[in-house]
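Listed below are the residues making up each chain.
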Amino acid sequence: MSTQTFTTLCYVEQDGKYLMLHRTKKENDMNKDKYIGIGGHIEHGETPTECIVREAMEETGLRLINPRLRGLITFVIDDIDEYTFLYTCDEFEGELRSCNEGDLEWIDKNRLNELPLWEGDKVFFDLLDSQHTFFSLKLVYVHGKLVEVKKE
């Protein structure tokens, strides 16, 4: 039987860079040593947008203004089905602060593929770059290896 979770993920943009979280500090972290966006689990009663605004404030100290929903990603990871609402945002207020899950870094979009990323992240980075409309994507991982990509 699979477990279903609902999460958000956001790539904050500024000057041709994304704000990335290098996951180095969390115990038993499936994302350990990888670079990912900010985000987290949707709490009871929250909309995805309310969640990403809350998570951004908790993880970065930044208040997102008008985050844009860009896609829905279905991650199938062994026995977990994770439905992730993918956002980008280029308007924000506040001062960047340290994060208890890792190190926050502004990374040039042209350097993303040089980083330790999940293979599927490269797929949705290409979609974010080339499409201005909403997309749906299914990424299937078995034991950490990407085995299926389905774009809709």
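Remember, predicted model here, so these are calculated numbers, not experimental data.

You can see Glu50 is positioned in helix α1 (residues 48–60). Judged by its relative accessible area of 43%, Glu50 falls in the partly exposed class. On a C-alpha basis, the gap between Glu50 and Thr8 in space is 9.8 Å, while along the polypeptide they are 42 residues apart. A polar contact of 2.9 Å, which involves the side chain of Glu50, links it to the backbone nitrogen of Thr47.

Here we take up the packing of aromatic side chains. Applying the stated criterion across every chain, the model contains eight aromatic pairs. Summarising the aromatic geometry, the rings of Tyr18 and Phe125 are spaced 5.7 Å apart at their centres and angled 25° between planes, so their arrangement reads as stacked. Taken together, the residues span a long stretch of sequence, with Tyr18 in strand β2 (residues 17–23) and Phe125 in helix α2 (residues 119–130) at a distance of 107 residues. As far as the burial class goes, Tyr18 and Phe125 line up, both buried. For the pair Phe92 and Trp106, a centre-to-centre distance of 6.1 Å together with 25° between the ring planes defines the contact as stacked. Separated by 14 residues along the polypeptide, Phe92 in strand β8 (residues 92–93) and Trp106 in strand β9 (residues 102–108) bring together distant segments of the chain. The class for Phe92 is partly exposed, based on a relative accessible area of 22%. One aromatic cluster is present, formed by Tyr11, Tyr18, Phe124 and Phe125 through successive ring pairs. Lying over the aromatic face of Trp118, Lys34 brings its terminal NZ or CZ to 4.8 Å of the ring centre. The cationic tip of Lys109 hangs over the ring face of Tyr18; the distance from NZ or CZ to the ring centre is 4.7 Å.

On to the pairing of strand β11 (residues 145–151), then. As judged from the six bridges shared by strand β10 (residues 135–142) and β11, these two strands associate in the antiparallel manner. Its bridge partner being in β11, Val142 is matched across the sheet by Lys145. What sits between β10 and β11 in their antiparallel hairpin is a turn of two residues, with His143 showing a positive phi close to 50°.

Here we come to α2. Owing to its 3.6 residues per turn, the α-helix brings residues three or four apart onto one side. Taking 1.5 Å per residue as the helical rise, α2 with its twelve residues ought to reach 16 Å, and the 18 Å between its terminal C-alpha atoms agrees with that figure. Buried residues of α2: Gly120, Asp121, Val123, Phe124, Phe125, Leu127 and Leu128, and no others.

Right, let's get into the environment of Val12. Examined against the element boundaries, Val12 turns out to sit in strand β1 (residues 3–14). Measuring from C-alpha to C-alpha, the distance between Val12 and Leu96 comes to 12 Å, with 84 residues separating the pair along the chain.

Attention now moves to the state of the cysteines. Applying the stated rule across the entire model yields zero disulfides. In this structure Cys99 is a free cysteine whose sulfur lies 14 Å from that of Cys10, the closest cysteine sulfur available.

Parameters at a glance
- Residues numbered from 1 in each chain as written.
- Predicted model: local features only at pLDDT ≥ 70, side-chain atom pairs only at ≥ 80, totals over all residues.
- Heavy atoms only, no water.
- Helix = DSSP H or I, 4+ residues; strand = E, 2+ residues; numbered from the N terminus.
- Buried < 20%, exposed > 50% of the residue type's maximum accessible area, 1.4 Å probe, protein only.
- Polar contact = N/O pair within 3.5 Å; in protein donor to acceptor, adjacent residues only side chain to side chain.
- Phe/Tyr/Trp six-rings, centres within 6.5 Å; stacked < 30°, edge-to-face > 60°.
- Lys NZ or Arg CZ within 6 Å of the ring centre and 35° of its normal.
- Pairing = 2+ DSSP bridges.
- Expected span 1.5 Å × (residues − 1).
- Disulfide = S-S within 2.5 Å.

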